[in-house]
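So you can see what is in the structure, the chains are spelled out below.
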Amino acid sequence: MDTIVKRLIREVRKGDQQAFAEIVELYKDKVYQVAYRMVGNVHEAQDVAQEAFLRAYTNIERFDVNRKFSTWLFRIATNVAIDRLRKKKPDFYLQDEVKGSEGLTFESQLAADEERPEDQVITIEMQEWVQDEINQLPPKYRTAIILKYMEDLSISEISDILDIPQSTVKTRVHRGREALRKRMRHV
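Bear in mind the structure is a predicted one, so any value in this text is a computation, not a measurement.

Chemist: How should helix 2 (residues 17–39) be read in this particular structure?
Modeler: Residues lying three or four places apart along an α-helix face the same way, a consequence of the helix completing one turn every 3.6 residues. When the terminal C-alpha atoms of helix 2 are compared, their 29 Å separation across 23 residues is substantially less than the 33 Å that a helix rising 1.5 Å per residue should span. Tyrosine 27 marks the point of greatest bend in helix 2, at about 55°. Those residues of helix 2 that sit buried are Ala19, Phe20, Ile23, Tyr27, Val31, Val34, Ala35, Met38 and Val39. Next to the buried residues of helix 2 lie helix 1 (2–13), helix 3 (42–58), helix 4 (69–87), helix 5 (121–135) and helix 6 (139–150). For helix 2, the capping residue at the N-terminal end is aspartate 16, with a side-chain oxygen 3.0 Å from the backbone nitrogen of glutamine 18.

In structure tokens, the structure reads:
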């Protein structure tokens, strides 16, 4: 795969936009997953992923072909997501009551994408709870936890993506886990 990506990057650098479309096709799902885990919102994650690819395209000349492209791309996506989180101020929450109604929340007005079997409800609620708790962590710990446990990246890969020493990554993963454990005990 690295050989294919390197060939595509050479073609992009020569001006072949179709080659970049192939790169997007190869990485779009993973970049979206990283973005979604970071921002926790479908539309925001799509925007983050799109911006990450746009930045990658405009800075493709800066990419060092001796390094792993996915690491570089995930680093861009992570940085874009962190920038969004810093600037983000919520206008409303899904749990807020709709004005002029009795007990209706924004969340209750959303159309369901699909019916879920009752036996999956507990699992889904647990996953949402864990994701909510992860979202409450400070960004540096949240990033480390997401990349390590949800994206299943190695300490070395996380170190490359975040451009920090491996020992710092290990510390952030450990402290993030501890903070998560404390948060989940007190809920």
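Chemist: Hey, could you run me through the environment of valine 24 in this one?
Modeler: Within the secondary structure, valine 24 sits in helix 2. Valine 24 sits 29 residues away from phenylalanine 53 along the chain, and the two C-alpha atoms are 7.2 Å apart.

Chemist: Help me out: how do you make sense of the layout of surface pockets in this one?
Modeler: Unfilled space is identified by rolling a water-sized probe across the atoms. Volume-wise, the second largest pocket comes out at about 190 Å³. Lining the second largest pocket are Arg62, Phe63, Asp64, Arg67, Lys68, Thr71, Trp72, Arg75, Asp160 and Asp163. Take the lining of the second largest pocket: its biggest share by element is three residues, from helix 4. Of the residues belonging to the lining of the second largest pocket, the class tally is two nonpolar, one polar and seven charged.

Chemist: What is the right way to look at the packing of aromatic side chains in this model?
Modeler: Considering all chains together, one arrives at seven aromatic pairs under this definition. Ring geometry for tyrosine 27 and phenylalanine 69: centres 5.5 Å apart, planes at 55°, overall tilted. Placement of tyrosine 27 in helix 2 and of phenylalanine 69 in helix 4 is noted, with a sequence separation of 42 residues between them. In this pair, the class of tyrosine 27 matches that of phenylalanine 69, namely buried. Taken together, a centroid distance of 6.1 Å and an interplanar angle of 25° make the contact between tyrosine 32 and tyrosine 36 stacked. Placement of both tyrosine 32 and tyrosine 36 in helix 2 is noted, with a separation of four residues, approximately one turn of the helix. Residue class for tyrosine 36 comes out partly exposed when judged on its relative accessible area of 31%. Here the aromatic cluster, defined as three or more aromatic residues joined through ring pairs, consists of Tyr27, Phe63, Phe69 and Trp72.

About the criteria used
- Residues numbered from 1 in each chain as written.
- Predicted model: local features only at pLDDT ≥ 70, side-chain atom pairs only at ≥ 80, totals over all residues.
- Heavy atoms only, no water.
- Helix = DSSP H or I, 4+ residues; strand = E, 2+ residues; numbered from the N terminus.
- Expected span 1.5 Å × (residues − 1).
- Bend = angle between axes of the 7 residues up to and from the residue.
- Buried < 20%, exposed > 50% of the residue type's maximum accessible area, 1.4 Å probe, protein only.
- Contact = heavy atoms within 4.5 Å.
- Polar contact = N/O pair within 3.5 Å; in protein donor to acceptor, adjacent residues only side chain to side chain.
- 1 Å grid on protein atoms, 1.4 Å probe; cavity = no way out; pocket = protein on both sides within 12 Å on 5 of 7 lines; lining within 4 Å.
- Points joined across faces, edges and corners; volume = space filled by probe spheres on them.
- Nonpolar A, V, L, I, M, F, W, Y, C, P; charged D, E, K, R; others polar.
- Phe/Tyr/Trp six-rings, centres within 6.5 Å; stacked < 30°, edge-to-face > 60°.

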